[in-house]
Amino acid sequence: MENKTYWKGLAELEETPEFVHERDKEFSQELPIEEIFNSNFVQKPRARRDFLKMLGFSVTAATVAASCKIPVRQAIPYVIKPEEIVPGLANYYASTYSDGSDYCSILVKTRDGRPIKIEGNSNSSVTRGGTSARAQASILSLYDKARTAFPKKGDQPVEWTAADTDIKTQLGAIKTKGGNIRILSSTILSPSTKNLIAEFGAYYGNTKHVVFEPMSNAGILSANEKSFGKRTIPGYSFDKAKVIVSFGADFLGTWISPIEFTKQYVSNRKVSKEKATMSRHYQFESHVSLTGSNADKRIAIKPSEQSEAVIALYNMIAGFAGKSGVTGGKVSDKANKSLNKAAEEMWANKGASLVVCGSNDANCQTIVNAINDVLGSYGSTIDFDNSLNFSQGFDKDFSDLVSEMEAGSVDALIIYNSNPVYSFSNGKKFGEAIKKVGLSVSFNDRKDETTSLTTYHLPDHHYLESWNDAEPKAGKYSLSQPAINPIFNTRQAQDSLLKWMDSTIDYNNYLKNNWEKNIYPTQTLFSGFQSFWDDKIRFGVYEKATVTPSATSFSGDVNAAASASAPMSAGMELMVYESVSLGNGKYANNPWLLENPDPITKVVWDNVLMVPVPYAKENNLVDGDMVEVNANGVTMELPIVLQPGMANNTFATSVGLGREKVGRAGDGVGKNVYPFVSMIGDTMSYSNSKVTVKPTGNKYELAITQTHGTFEGRNVIQQTTLSEYQKNPKAGNESIEEYEHNNPITLYPQDIHQYNGLRWGMNIDLNSCIGCGACQVACSTENNVPVVGKDEVRRVHEMHWIRIDRYYSFAGEKERVTQESHSNATGLGNQYDNVKDWEDIEVVHQPMLCQHCENAPCENVCPVAATNHSSEGLNQMTYNRCIGTRYCANNCPYKVRRFNWFDYTTADSFPWNTYDKSQGVAMMIDDLTRMVLNPDVTVRSRGVIEKCSFCVQKLQDAKLNAKKQDRPLMDGEARTACQSACPADAIVFGDVNNKETAVSKTREDERNYYVLADLHVKPSIGYMVKVRNNENMA
Amino acid sequence: MRNKFLVGIYSDEDKMIDGVRKMRENHMEVYDVVSPFAVHGLDDALGLDESRLHITGFIYGMTGTTIALSFMTWVFTTDWPLNFGGKPHFSFPAFVPILFEFTVLSASIGMTITFLLRSGLWPGRIREVLDERTTDDKFGVVFRINKKTTEEEISKMKQMLQSTGADEIKERELKNHY
Amino acid sequence: MHAESVVRAPLIYGDKNYHQITEDLCRPIEGKPTRLYLITITITACLMSWGLFMIGWTVWFGIGTWGLNRTVDWGWDITNFVWWIGIGHAGTLISAILLLFRQKWRMAINRSAEAMTIFAVICAGLFPIFHMGRVWLIFFNLPYPNSRGPLWPNFNSPLLWDVFAISTYFTVSLLFWYTGLIPDLATVRDRAKKKFSKFAYGVLSFGWTGSAKHWQRHEALSLVLAGISTPLVLSVHTIVSFDFATSVIPGWHTTIFPPYFVAGAIFSGFAMVLTLMLVARKVMNLQEYITLEHIESMNKIIVLTGSIVGSAYITELFVAWYSGNIYEQYAFANRALGPYWWAYWGMMTCNVISPQLFWVRPLRRNVWFTFFMSIIINCGMWFERFVIIVTSIHRDYIPSAWSYYAPTYVEISIFAGTVGLFLTAFMLFAKTMPVIAMAETKHILRISGDTQKKAAAAHSHSHEGSAMSFQVHKP
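Values in this document were obtained by computation on a predicted structure and should not be read as measured data.

A. Region of interest: the overall build of chain C. Helix and strand counts for chain C stand at 18 helices and 0 strands. The C-alpha atoms of chain C give 24 Å as radius of gyration, which agrees with the globular expectation for 475 residues (23 Å, within 12%). With respect to the three principal axes, the spread of C-alpha positions in chain C is 80 × 50 × 45 Å. Each of the 475 residues in chain C was classed as buried or not, and the buried ones make up 65%. For chain C, restricting intrachain contacts to residue pairs at least 6 apart in sequence, the fraction spanning at least 24 positions comes to 82%. Carbon and sulfur atoms provide 74% of the accessible area of chain C, an area that totals close to 17100 Å². Taken together, the 35 basic and 24 acidic charged side chains of chain C have centroids lying 7 Å from each other.

B. A nonpolar patch on the surface, seen in detail. There is a patch of nonpolar side chains on the surface, built from Ile55, Phe58, Ile59 and Met62 of chain B and spanning about 400 Å² of accessible area. When you line up the elements, Ile59 of chain B lands in helix H3 (residues 53-79).

C. Region of interest: the interface of chain A and chain C. Residue-level contacts link 67 residues of chain A with 64 residues of chain C. The tally of links between chain A and chain C comes to 3 salt bridges. Where chain A packs against chain C, one counts 38 residue pairs in polar contact (both at pLDDT 80 or more). Contributing elements (two or more residues each) for the side of chain A that touches chain C: strand S31 (803-811), helix H28 (857-861), helix H29 (887-890) and strand S35 (898-899) of chain A. The leading source of residues in the side of chain A that touches chain C is H28 of chain A, at 4 residues. Here the side of chain A that touches chain C is built from residues that sort into 32 nonpolar, 20 polar and 15 charged.

D. Structural context of the sheet that holds strand S2 (residues 102-111) of chain A. Residues and elements named next belong to chain A. A sheet is described by the order of its strands in space; here 3 strands give the open sequence S1-S2-S3, paired in antiparallel fashion. A strand with exactly one partner marks an edge of an open sheet, and here the two such strands are strand S1 (90-99) and strand S3 (114-120). Pairwise comparison of adjacent strand axes, ignoring direction, gives a mean angle of 35 degrees for this sheet. Pairing between S2 and S3: 6 bridges, direction antiparallel. By the bridge assignment, Lys109 is partnered in S3 with Lys117.

E. Expanded view of the pairing of strand S14 (residues 412-416) of chain A. Residue and element names in this part refer to chain A. By the criterion of burial, S14 is predominantly enclosed, with 5 of the 5 residues buried. What you see with S14 is no split at all: Ala412, Ile414 and Tyr416 on one side and Leu413 and Ile415 on the other are buried throughout. Sheet topology places strand S6 (residues 181-185) next to S14; 5 bridges connect them, and they run parallel. Bridge pairing in S14 links Leu184 to Ile415. Both S14 and strand S15 (residues 439-442) contribute to a ladder of 4 bridges, which runs parallel. The residue bridging Ile415 from the neighbouring strand is Ser442, located in S15.

F. Focus on the side chain of His131 of chain C. Tracing the backbone through its elements, the reader meets His131 of chain C in the loop between helix H5 (110-130) and helix H6 (158-191). Of note is the side chain of His131 of chain C, whose polar atom sits 3.4 Å from the side chain of Trp74 of chain C.

G. Quick look at the interface of chain B and chain C. At the junction of the two partners, chain B supplies 61 residues and chain C supplies 57 residues. Between chain B and chain C the total buried area reaches about 5400 Å² when both faces are included, carbon and sulfur atoms providing 68% of it. When the buried area of chain B at its contact with chain C is split by residue, Phe37, Glu101 and Thr135 of chain B rank highest and sum to 11% of it. Where chain B touches chain C, the interface holds 2 salt bridges. Two residues, Asp49 of chain B and Lys213 of chain C, come together in a salt bridge whose shortest N-O distance is 3.9 Å. For the interface between chain B and chain C, the tally reads 20 residue pairs in polar contact (both at pLDDT 80 or more). When residues of the side of chain B that touches chain C are traced back to their parent elements, those giving at least two are helix H1 (13-25), strand S2 (32-34), helix H2 (42-46), H3 and helix H4 (92-118) of chain B. Considering each element in turn, the side of chain B that touches chain C owes the most residues, 16 residues, to H4 of chain B. Here the side of chain B that touches chain C is composed, by residue class, of 35 nonpolar, 11 polar and 15 charged.

H. Focus on the sheet that holds strand S23 (residues 634-642) of chain A. All names here are of chain A. The mixed open sheet is built from 7 strands, whose spatial order is S27-S20-S24-S21-S23-S22-S28. If you trace the sheet from one side to the other, it starts and ends with strand S27 (687-688) and strand S28 (692-699), each paired once. Across 2 bridges, strand S20 (residues 573-578) lies against S27 in antiparallel orientation. Looking at the pairing, Met575 lines up with Ser687 of S27.

I. The arrangement of the confidence of the model for chain A in detail. In the predicted model, chain A carries a mean pLDDT of 87, and the fraction of residues at 70 or more is 90%. The low-confidence segment residues 822-830 of chain A (pLDDT under 50) makes 21 contacts with residues lying over four places distant or belonging to another chain.

J. Representation of H6 of chain C in the model. Between its terminal C-alpha atoms H6 of chain C stretches 48 Å, which fits the 50 Å expected from 34 residues at 1.5 Å a residue. Taking the largest bend as the criterion, H6 of chain C deviates by roughly 40 degrees, centred on Ile182 of chain C, and proline Pro183 of chain C comes between one and four positions later.

K. Just the packing of helix H19 (residues 507-519) of chain A against helix H20 (residues 529-539) of chain A, in detail. All names here are of chain A. H20 packs onto H19 with a crossing angle of 110 degrees between their chain directions and a minimal axis gap of 11 Å. Accordingly, the angle class assigned to the pair H19 and H20 is roughly perpendicular. Two packed elements cross with a definite hand, and for H19 against H20 that hand is right-handed. Together, Leu511, Lys512, Trp515, Glu516 and Ile519 of H19 and Phe529, Gln530, Phe532, Trp533 and Lys536 of H20 make up the contact between the two elements. Residue composition of the contact of H19 with H20, grouped by class: 6 nonpolar, 1 polar and 3 charged.

L. Looking closely at a negative patch on the surface. Residue and element names in this part refer to chain A. Together, Glu734, Glu737, Glu740 and Glu1004 line one region of the surface with negative charge. Relative to the helices and strands, Glu737 is located in helix H25 (residues 735-742). Given the relative accessible area of 42%, Glu737 is considered partly exposed.

M. Main features of the nonpolar core. Counting 272 residues, the largest nonpolar core has Tyr894 and Phe950 of chain A, Met16 and Val141 of chain B together with Trp84 of chain C as its most contacted members. At 16 residues, helix H9 (residues 257-283) of chain C tops the list of elements feeding residues into this core. The contacts of Met16 of chain B, once residues within four sequence positions are left out, are Tyr10, Val33, Val39, Leu42, Phe139 and Val141 of chain B. Formed by 75 residues, the second largest nonpolar core is a distinct cluster that contains Val243, Ile244, Ile311 and Met1033 of chain A.

N. Expanded view of helix H10 (residues 258-267) of chain A. Taken across its 10 residues, H10 of chain A has 9 buried, putting it largely inside the fold. For H10 of chain A, the set of buried residues is Pro258, Ile259, Glu260, Phe261, Thr262, Lys263, Gln264, Tyr265 and Val266 of chain A.

O. Local environment of the pattern of salt bridges. Enumeration according to the criterion identifies 63 salt bridges over all chains in this entry. As a salt-bridge pair, Lys959 of chain A and Glu872 of chain A come within 2.6 Å of each other at their nearest N and O atoms. With a gap of 87 residues between them, Lys959 of chain A in helix H31 (residues 952-964) and Glu872 of chain A in the loop between strand S33 (867-869) and strand S34 (875-877) connect regions that are remote in the sequence. Taking the relative accessible area as the measure of exposure, Lys959 of chain A reaches 22% and is therefore partly exposed. Residue Lys895 of chain A is joined to Asp396 of chain C by a salt bridge in which the shortest nitrogen-to-oxygen separation is 2.9 Å. A residue pair is termed interchain when its members come from two chains, as with Lys895 of chain A in the loop between H29 and S35 and Asp396 of chain C in the loop between helix H14 (367-394) and helix H15 (409-432). Each of Glu293, Glu296, Arg361, Arg364 and Arg365 of chain C takes part in one network of salt bridges that share partners.

Parameters at a glance
- Residues numbered from 1 in each chain as written.
- Chains lettered and ligands numbered in written order.
- Predicted model: local features only at pLDDT ≥ 70, side-chain atom pairs only at ≥ 80, totals over all residues.
- Heavy atoms only, no water.
- Helix = DSSP H or I, 4+ residues; strand = E, 2+ residues; numbered from the N terminus.
- Rg over C-alpha atoms; globule rule 2.2 N^0.38 Å.
- Buried < 20%, exposed > 50% of the residue type's maximum accessible area, 1.4 Å probe, protein only.
- Contact = heavy atoms within 4.5 Å.
- Areas by Shrake-Rupley, 256 points an atom, 1.4 Å probe, with all protein chains shown as cover.
- Lys, Arg positive; Asp, Glu negative; His and termini not counted.
- Charge placed at Lys NZ, Arg CZ, Asp CG, Glu CD.
- Patch = residues over 30% accessible without salt bridge, like charges linked within 9 Å, V, L, I, M, F, W, Y side chains within 5 Å.
- Salt bridge = Lys/Arg side-chain N within 4 Å of Asp/Glu carboxyl O.
- Polar contact = N/O pair within 3.5 Å; in protein donor to acceptor, adjacent residues only side chain to side chain.
- Nonpolar A, V, L, I, M, F, W, Y, C, P; charged D, E, K, R; others polar.
- Pairing = 2+ DSSP bridges.
- Axes fitted to C-alpha atoms, helices over the stretch in contact; angles between N-to-C directions.
- Buried area = accessible area lost by both parts, 1.4 Å probe.
- pLDDT = per-residue confidence, 0-100.
- Expected span 1.5 Å × (residues − 1).
- Bend = angle between axes of the 7 residues up to and from the residue.
- Parallel < 35°, antiparallel > 145°, perpendicular 65-115°, else oblique.
- Left-handed = near helix turned anticlockwise from the far one by under 90°.
- Core = buried A, V, L, I, M, F, W, Y, C linked by side-chain atoms within 4.5 Å.

Given below as structure tokens:
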């Protein structure tokens, strides 16, 4: 029977248009989700309903997305607790931070399975417990949301298995047709990885491993090849050198192995009554480098003057040695005088002197080798037996690779931790070339400039998630072990290679086997491999005995090198250097590093053009003017900073910023200045001549944390010279007598406040502190110090608990000028009067943090008693009592108290009122990034004051341990974050009631002084007078 | 009957004062004088004894001082001795400002409240006025009339008021005692 | 009866009697508000609301919306606080000190001066409250028993002293002002025709009848309140100055501050009283009650306090040089020549140089000039507070921390808002309550009234007159 149709009313029967319209309106349409995702939806006019649908959808989506993050799972309490984890107690795992040429043997502090802090590993003879700002900050990039969370083909997610099969078939095809496979990486310190790459090469044939270093030392490599037949970087011993001459080598900041060199350098810079001697350090450089700022004598020379200066020095030394000189060597009289001095002194200390050069020009380096050879440095301060494995980039290999790729003769390119599209001077060219490569795979951790052009993106683990080893120095091995499960669906690059070699074992076992085969046999202590392995995992390092260096014979051709080196050129020049905290730019998405002030310019969140002051004055430029720089055929607009100490006619700017695809914090911050790097011969050159600079008239508001350059001759800084110190240990610290005399005089009844038991105190040695800024990052990490972003720093709202004050003093009429004139009505511009020579500056770095005064002015004025004095002499803050009148901050003579101007941490009483959503802040308040927070330290809310607490949580921890073991606290057991991070051991901390502790001893020292002692606030932090070994260095 | 008053309205305060004097010389009991402002010499004319308000003020003040000092001392030495910038726990000079302020505060508040209560003044207190002009420019001399007051007494009051220059004399009965 | 020397100029002009006074002084209250009045109060109310909105903005987003920074933690907020508190000093001072000195001329102005005090203190109070980072925890300032274990405020802190000083000052001024108002409110009550106003003023006048005993107590109370207000008014600004004087910051840590601040307060207070009174005098045509004598005597006090302030500035400079303390020396060199030189020289011109013009009698008695000067002085005093607070801390001990401070629109708006609040409140007061103390004016009419004096002079021989005048000069 046919089924009847029922209808209500004729309209439905006839389906009149009005009726249809009405009927359709009666019920809602489908969710237009496809539409939302297809692009042209945006242009469509949105109905209210659609809006509501989208709202509903996005809320649900957000909820779903937010509720399935891996770290959240860890919030679930343990059913069966792993024995190594005690909630609330930290575990430390020995590991290795190694990334390109960065190396540091470390301990990883984990809390409840989360790595939250990096400490130095004192077992390593290379870094000896020191760390760098980058090592400290590297923990943050573990929780970086910008890391790629899963393997991708192009832009589409892909399964690992699918990727593997596809890649293997392609590689197989290439193998059969005998095509070329190239592996492009940064320097690899891991011997096992090197083996693996070699094996991989053997497996597929026609494979070449190219190392690319953006800031390369290829010049040294090839010079050593020419001079000694070894394409290696030798080991340097700055501790053995009595006289150090550096031609623009920033060995404390960025050159080859800064942490190691810092340790060596400062060991010979500390002075005491017992050892009243120190090394003598000449620095010939063009811009003000971190090393230069610590030199006894800085001589500013133009970049193109460098080779000339080296030649000049060679001729002088050769003269002493009775050798014939070489052609060239025309330098300014000023430089010439100092070079003469240096030559004499080095000759006098034959075998105990060292010349290093930052140039990447093989000829220049050859002459440097010659000098060191004549001085007999090889075998004493330089040796090839304990050579360094850093900076293996050989520029020619890379340029060859590029041309190969352009020729289309590369069939497969595997990129491991290298990003040439950003960091190669002609990145665009490289990007084009990639397109010509059949199969391109990138292991980089994020979809950066290069990776976004590759076919496959197979993200590597973060180093804290992976197994690995490193051999920074011949015979000095160290191990990395995972400190956390992989956060994202990533896979270690080595495992990928193994998979493609059809290997059955994973990299962990490969590593073990490699050690068992190659490293275990070199020792005799352990009988079984497992015990050996366990021990090394535990301690993190395995070191063969240091080989006693053997002399090496120099066979380079000095004359050829001299004649080949270019003469000094006229006109303005530009030099490009590596930023101390940001390095070559890989960590440009790390807010801690971005907000860590440059040690010299104190600029954050930007890279600027350093301009010599005289030039700026005659072109009436001021800080923050935008100029158009034209060099190496590239034009770029950069903001300027007036930089005292620059060589006249020289500009400088730093690489490390201007990333386009690095993440929300770093994208578009600063400018990428790699294009200024030029390829000269086989090596990259980091300086340009014939530079034109013209003001564009634009203004740019820089974020600078210190705008006043001198210490106004106040007793904030006390300094003397070595000979003065030898005569009188109290030299430069005469005011201490007055202080010690006045100190007991007080209106208050005596000993009203007893500090029985422990009493904490600190001492900072201005001779050791090099101003690198590692302590600043360490402090922020340990104490959850918020990142505030560029705009907030512009408004002078930065939050660092410890800052490093950098003061200049200038060559004046008679004595050095440390005072600015009072008639400086412009306020912020640095108008130093009666400065005669803008090139000749002396710099002092002074870490400044809460002084924990015994008579703290901040404590009296707090109306609610939120800050007061502990029985251990700590000036303590009670955040949840603070009502934020900021009176304490006003009344602090050292201006070290910090106020939470906005809700930087989303810890506020009012939700959703974060005023400043700048990139850095937005990243730091992200749920994943907040995993890095230290659970022992309160996250401060808006409207409260905060400041250095002497890491009270660590002190309590140390005391608790001692108590549990029922013994008194040992000296050096309680360490502050800044102290343990310091690569220069400048900070001593401990109990001042106990006369045996290191800090008590420093208080007895004649050099010990207190900043603003005459205020009678009785600080708990002493500083050691800065001693300069700078008499008659011309 | 008990709230009955005889009011003589004067427009010259000197006449009024002389009048009051005369009445008291004649042993007449002047109940009260209402005036738009404080008339000098009226107090002794009426034979009012001096107000003791300032004495209470002193007492309140001293109480305040004692409370403040003892409280601050107790807090800083006994209950919660903290070390603020190395200062002594009992830092008397630092207590002085608060001591003083609290003294003044207690004295003035105490006195004002006493004044209001004593004079039966408080917010919303509505009194019937004998004559509305007495807050403007007139002065009223008030006699109380109760059961015992005899007619001739009343007439004596009236003519006494008249003789001393009252412009106008009227009897008023109020609902309640003012 | 008292009489007064003929040579002493009368304080009330025109042929007045008690009733006339009541009429004159009640007219503004009883009449309908004029168009001008309505327009003005609308403007000031809008200003006030905008300021309050900006306060809300600050509370919601944080103090970061202001221009303060890690070195300069106090700027316009505390500057305005001190400025307003200074202005708030005139009222109580006039009523209290001048009452003790039996200065009759005070009676024309004390009522409105006290009102001004109260409103100024309210404006002042807003700043220390809302400059707090976490204003919702303001009760932490109070010593209240709590469950957080023994937890009390810090009685060493000048800020806590402020809390007590300001609240005490506010309370006492309020009591003083209101007890003075009660009889006049009763007058208004008894004149009121409308039922509502009769009721309202009835409530406000506490049932005052003018009974002799009440008057006696009332006088006693005013006298004692005056007595304790005198040291109080001096103590308040002294304590405010302690905020700075007890600190370690060069330019703040100065023992001269208490007297110098008090003088400054009277200085600015009188200026503000003049500003308001000259306007009120014109608008409510009270020329016969607020006479040139009043204006002149005020100007005399301005010259005095202005000179005190001036010499304080000079003393500071001298001490800075004489102390040999390099920080102190730099602080003052920086005031005069540093980035904030304009504030310093603005202060110097407005406060030290210009008031000296009041030595010239015609200028003292020139209404327009006085009005102009009163504005100038208020600007000058604002500069003074800004100079003391900001230029001292923006460059203190550690040169690396030096910075510069400029206010944001939020701070400026809040300040403007308080001005709006102040004017609105004053206008409401002027429309609802007698701006001149009626009872007291009547009290002095016989003695200082123009006609009355003339009459007295007429039937008395010159030597008697002089004898009388001699007699009244006794306290």
